[in-house]
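Residues per chain, in single letters:
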Amino acid sequence: MANRIIDIQIQNGALGQLAPAEDGIFGLILQSAVAPSGLALLTATSIASLAEAEALGIDAAFDTANTVICWKVIKEFYDESPSGTTLWIMFTAQTVTMTVAFDVANEATYFGKLQAAAGGKCRIMSMVRSFAGGYSATTTDGVDADVLTAMTKAQALVEEFRTRKMPFLCIVPGHHYQANTSTLKDISTYTNKWVQGLIGDTASGTGCAIGILLGRLAKIAVDTQPGRVKDGALNITAAYHNATAVTLALDTAVRAVETKGWITFGTYPGKSGFYFTNDWTATARTDDFDRLTRGRIIQKAERIVYATYLNEILDDIKLNATTGMMTTNAAKYYQQIIQRAIDDSLTAEDEISGLSVQIDPMQDVLTTGKVCVEVRIVPDAYANSFEISLGYNNPAL
């Protein structure tokens, strides 16, 4: 027996505190004929700063020597998003098309491999091509034909990973945009709600500034528009549609691109700098998920719902001895745990406007083995425009 001892044991885990959100963890596939010195082709790794990318051999000299835009894209990502932001990257050969990379049949080599390396944490995936010398694009509907076929492949890829409980969204760059709004495909005619298309670059030519868009998205909340004017202009000094500089004089063309469902760069009278337009996805404007923000919110909720109810699998459920149905207390318990989980995240972070959870206790779980839960989220709305009546008033009349 120990004498004159006071034994104090510190307990942990009683506060119910949450792990930091992982909303800004993204995945990006880059291309080069020659791998960087510190990263082999088709090998996934994470970086948290431009300096870490440069330590892998992805620097300005690498871009120049190999005629690629890998360092440029990563630099622009960290121009928008602060150091410390996790970005998962992988390199492929320049011959790999986006259609091939986004194809679910090839996921084990490309995006599936990247997501697996990230532990399923990537919330948005993208790819930017660095075309080999002599590449001749086959343009269809105003962009490289690879762009439009990749969108449909990306939609199927996301649906597959939703079944694996690792949902993400895809952004497809509109390479080789011909700067012709008449021929540009209206992607709102598609049904690819988990996919967004980007038009425009920070340099004259046929590229796309994916890094800028990913960087802006990584640092804002899931319900925030990447083009929100209050957040300030993008950290760029120029924007282009192919070889045409984006200026106020190009506003009609910018709005035409936006109307056809693409996100792009625009300007505002009286405001300096460049801003993103609406964050439309490649689906009809009548779709609940016609905005990337709506996709980010619902997929965040999807992950929360899965994690919450996974813990309840094969747990016992008390039944009403008279009716054989679930007890009211059991129904309330399942309602409260998901209410709290979403409130502690989306509601607490002011990312939604409301939440309702309904569970009917009159469920024959004894027969079906299934509990049905209805979760409904009220999203935020967005001020696309203002209609203002402005005039004089004479109080004497």
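For the structure, check the block above.
Residues numbered from 1 in each chain as written. Predicted model: local features only at pLDDT ≥ 70, side-chain atom pairs only at ≥ 80, totals over all residues. Heavy atoms only, no water.

Would you mind going over the overall build of the protein with me for this structure?
The helix and strand tally for the protein stands at 11 helices and 16 strands. Put simply, the protein has 397 residues, and 46% of those count as buried. Sequence separation of 24 or more characterises 73% of the internal contacts of the protein that already satisfy a separation of 6 or more. A total of about 19,500 Å² of accessible surface is found on the protein, and carbon and sulfur atoms cover 53% of it. Seen as two clouds, the 31 positive and the 41 negative side-chain charges of the protein have centres 1 Å apart. (Helix = DSSP H or I, 4+ residues; strand = E, 2+ residues; numbered from the N terminus. Buried < 20%, exposed > 50% of the residue type's maximum accessible area, 1.4 Å probe, protein only. Contact = heavy atoms within 4.5 Å. Areas by Shrake-Rupley, 256 points an atom, 1.4 Å probe, with all protein chains shown as cover. Lys, Arg positive; Asp, Glu negative; His and termini not counted. Charge placed at Lys NZ, Arg CZ, Asp CG, Glu CD.)

So what exactly am I meant to see when it comes to the side chain of Asp 63 here?
Here Asp 63 shows up in helix 2 (residues 60-66). Buried charged residue Asp 63 carries no salt bridge. Nearest counter-charge: Lys 72, at 8.0 Å. Each residue touching Asp 63, except ones within four places of it in the same chain, is listed here: Val 68, Ile 69, Cys 70, Trp 71 and Lys 72. (Salt bridge = Lys/Arg side-chain N within 4 Å of Asp/Glu carboxyl O.)

Help me out: how do you make sense of the pairing of strand 13 (residues 271-276) in this one?
Sheet faces and side chains relate simply in a regular strand, where the side chains alternate between the two faces. Two strands pair when backbone bridges link them, and strand 12 (residues 265-268) and strand 13 are joined in this way by 3 bridges, in the antiparallel orientation. Directly across from Gly 266, in strand 13, lies its bridge partner Tyr 275. (Pairing = 2+ DSSP bridges.)

Could you clarify how one ought to interpret the packing of helix 3 (residues 70-80) against helix 7 (residues 210-219) in this entry?
The relative placement of two packed helices comes down to the angle between their axes together with the axis-to-axis distance. In contact at an axis separation of 7 Å, helix 3 and helix 7 are set at 30° when each is read in the N-to-C sense. Judged by the angle between their axes, helix 3 and helix 7 are roughly parallel. With respect to the hand of their crossing, helix 3 and helix 7 are arranged in right-handed fashion. Residues Val 73, Glu 76, Phe 77 and Glu 80 of helix 3 pack against Gly 211, Ile 212, Leu 214, Gly 215, Arg 216, Ala 218 and Lys 219 of helix 7. Class assignment for the residues of the contact of helix 3 with helix 7 results in 5 nonpolar, 2 polar and 4 charged. (Axes fitted to C-alpha atoms, helices over the stretch in contact; angles between N-to-C directions. Parallel < 35°, antiparallel > 145°, perpendicular 65-115°, else oblique. Left-handed = near helix turned anticlockwise from the far one by under 90°. Nonpolar A, V, L, I, M, F, W, Y, C, P; charged D, E, K, R; others polar.)

Help me understand the packing of helix 9 (residues 292-310) against helix 10 (residues 328-347) in this model?
Two numbers describe how helix 9 lies on helix 10: the axes approach to 10 Å, and their chain directions differ by 135°. With respect to helix 10, the element helix 9 is oriented oblique. Helix-helix and strand crossings are classified by hand; for helix 9 and helix 10 the assignment is right-handed. Counting all contacts with helix 9, which are made through Ile 297, Lys 300, Ala 301, Ile 304, Val 305, Thr 308 and Tyr 309, the residues of helix 10 involved are Tyr 334, Ile 337, Ile 338, Ala 341, Ile 342, Ser 345 and Leu 346. Residue classes in the contact of helix 9 with helix 10 are distributed as 11 nonpolar, 2 polar and 1 charged.

When you look at a nonpolar patch on the surface in this model, what are you seeing that I'm missing?
Where nonpolar side chains cluster on the molecular surface, the patch consists of Tyr 306, Leu 310, Ile 313 and Leu 314 and spans about 470 Å² of accessible area. Examined against the element boundaries, Ile 313 turns out to sit in the loop between helix 9 and helix 10. (Patch = residues over 30% accessible without salt bridge, like charges linked within 9 Å, V, L, I, M, F, W, Y side chains within 5 Å.)

Help me out: how do you make sense of the environment of Asp 63 in this one?
Taking the relative accessible area as the measure of exposure, Asp 63 reaches 8% and is therefore buried. Asp 63 sits 31 residues away from Ser 32 along the chain, and the two C-alpha atoms are 8.9 Å apart. Looking at Asp 63, its side chain comes within polar contact range of the main-chain nitrogen of Trp 71, at 2.9 Å. (Polar contact = N/O pair within 3.5 Å; in protein donor to acceptor, adjacent residues only side chain to side chain.)

Please explain the nonpolar core as it appears in this structure.
Here is a general trend for soluble globular proteins: nonpolar side chains tend to be buried in one another's company. Of all hydrophobic cores here, the largest spans 83 residues; its most connected members are Phe 102, Phe 111, Met 151 and Trp 262. Among the elements that take part in this core, helix 6 (residues 145-163) stands out by supplying 8 residues, more than any other. Setting aside residues no more than four positions away along its own chain, Met 151 makes contact with Val 172, Ile 187, Tyr 190, Asn 192, Val 195, Gln 196, Gly 197, Trp 262 and Ala 282. Ile 297, Ala 301, Ala 331 and Ile 338 belong to the second-largest nonpolar core, a separate cluster that totals 18 residues. (Core = buried A, V, L, I, M, F, W, Y, C linked by side-chain atoms within 4.5 Å.)

Would you explain the pairing of strand 9 (residues 195-198) in this entry?
Side-chain alternation along strand 9 places Val 195 and Gly 197 on one buried face and Gln 196 and Leu 198 on a second face that is also buried. When strand 7 (residues 169-173) meets strand 9, the two strands line up parallel, connected through 4 bridges. What sits directly across from Val 172, in strand 9, is Gly 197.

Got a minute to help me understand the packing of aromatic side chains in this structure?
When we look at a pair of aromatic rings, we describe it by the centre distance and by the angle of the planes. Tallied over the full model, the rule gives 10 aromatic pairs. On the basis of an interplanar angle of 15° and a centroid distance of 4.4 Å, the ring pair of Phe 102 and Phe 111 is categorised as stacked. Take Phe 102 and Phe 111: they sit in the same class, and that class is buried. With 6.4 Å between their ring centres and 55° between their planes, Tyr 309 and Tyr 334 make a pair best called tilted. With Tyr 309 in helix 9 and Tyr 334 in helix 10, the pair connects residues that are 25 residues apart, well separated along the chain. Side by side, Tyr 309 and Tyr 334 carry an identical accessibility label, which is buried. Taken together, the aromatic side chains of Tyr 309, Tyr 333 and Tyr 334 make up a single cluster linked through ring pairs. Taking NZ or CZ as reference, Arg 129 lies 5.5 Å from the ring centre of Tyr 135, over its face. Arg 164 extends its terminal NZ or CZ atom over the ring of Phe 161, reaching a point 4.5 Å from the ring centre. (Phe/Tyr/Trp six-rings, centres within 6.5 Å; stacked < 30°, edge-to-face > 60°. Lys NZ or Arg CZ within 6 Å of the ring centre and 35° of its normal.)

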